[in-house]
Amino acid sequence: MAAGKGTPVSVAQRLEELGIEIPPPPPPVGMYRAALRSGNWLMVSGQLPMRDGELVNPGHVRGDDDIDAGREAARVATLNALSAVQALHGSLEGLRVVRLVGYVASAPDFAAHPAVINAASELLLDLFGEDAGLGTRLAMGVAALPLGAAVEIDLILEDMEAAA
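A short tour of the structure in this document, coming up. Since this is a predicted model, take the numbers as computed values, not measurements.

**Observations regarding the side chain of His 89**
Point 1. By the element assignment, His 89 lies in helix α2 (residues 67–89).
Point 2. Within the local environment of His 89, its side chain forms a polar contact with the backbone oxygen of Glu 93, the two atoms lying 3.4 Å apart.
Point 3. Ignoring anything within four residues of it in the chain, the contact list for His 89 reads Arg 37, Leu 42, Leu 95 and Asp 159.

Structure representation (structure tokens):
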């Protein structure tokens, strides 16, 4: 995306254009760091779809009727992951998504995990653009997630400014 005469649009500008606010980082639900820097890499621990201390759309994604609820949970969990990154890095500028991992608590016969995790990929693409927002990905179904969450998202990002 560009503003004016080829000037790149910042992630902050994209957030504003889309009417999205990065929430405060939720407290960890276990013994871990929400995000950690190692050289140019920022790794985010699995983030749950917590909003105001409550899980968004908890439980299992069981069928096509649950995909939209799962997508909302994936989007909220991704915002929480970005919140952890912002708290660590100071902003979301100059970053590139390297890997997105999405876990979906699902019924054994549910196979549309990618459709649920697409909500996370779409958000990252909207915010960081095609070059920096589309990385590698894993979408996986699991029997259960912490606290009964429907989705858990973790990210690996690269600080492109530090890499230069």
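**Points about empty space enclosed by the protein**
Any empty space left between atoms is shown by rolling a water-sized probe over those atoms.
Point 1. Taken as a whole and assessed by the stated rule, the structure comprises one cavity of 30 Å³ or more.
Point 2. Taken as a whole, the largest cavity encloses approximately 70 Å³ of empty space.
Point 3. Forming the walls of the largest cavity are Pro 26, Pro 27, Pro 28, Val 29, Tyr 32, Ala 34, Gly 46, Gln 47, Leu 48 and Met 50.
Point 4. Here the residues of the lining of the largest cavity sort into eight nonpolar, two polar and no charged.

**Brief notes about the packing of helix α1 (residues 11–18) against helix α3 (residues 113–133)**
When two helices pack together, their arrangement is given by the angle between the helix axes and by the axis-to-axis distance.
Point 1. One can describe the packing of α1 onto α3 by two numbers: an axis separation of 9 Å at closest approach and a directional angle of 140 degrees. Classed by the angle they form, the pair α1 and α3 counts as oblique. Classified by chirality, the crossing of α3 by α1 is right-handed. Side by side, α1 and α3 meet where Val 11, Arg 14, Leu 15 and Leu 18 of the first sit next to Asp 126, Leu 127, Phe 128 and Gly 129 of the second.
Point 2. For the contact of α1 with α3, the class distribution of residues is five nonpolar, one polar and two charged.

Here is what the cut-offs are and how they apply
- Residues numbered from 1 in each chain as written.
- Predicted model: local features only at pLDDT ≥ 70, side-chain atom pairs only at ≥ 80, totals over all residues.
- Heavy atoms only, no water.
- Helix = DSSP H or I, 4+ residues; strand = E, 2+ residues; numbered from the N terminus.
- Polar contact = N/O pair within 3.5 Å; in protein donor to acceptor, adjacent residues only side chain to side chain.
- Contact = heavy atoms within 4.5 Å.
- 1 Å grid on protein atoms, 1.4 Å probe; cavity = no way out; pocket = protein on both sides within 12 Å on 5 of 7 lines; lining within 4 Å.
- Points joined across faces, edges and corners; volume = space filled by probe spheres on them.
- Nonpolar A, V, L, I, M, F, W, Y, C, P; charged D, E, K, R; others polar.
- Axes fitted to C-alpha atoms, helices over the stretch in contact; angles between N-to-C directions.
- Parallel < 35°, antiparallel > 145°, perpendicular 65-115°, else oblique.
- Left-handed = near helix turned anticlockwise from the far one by under 90°.

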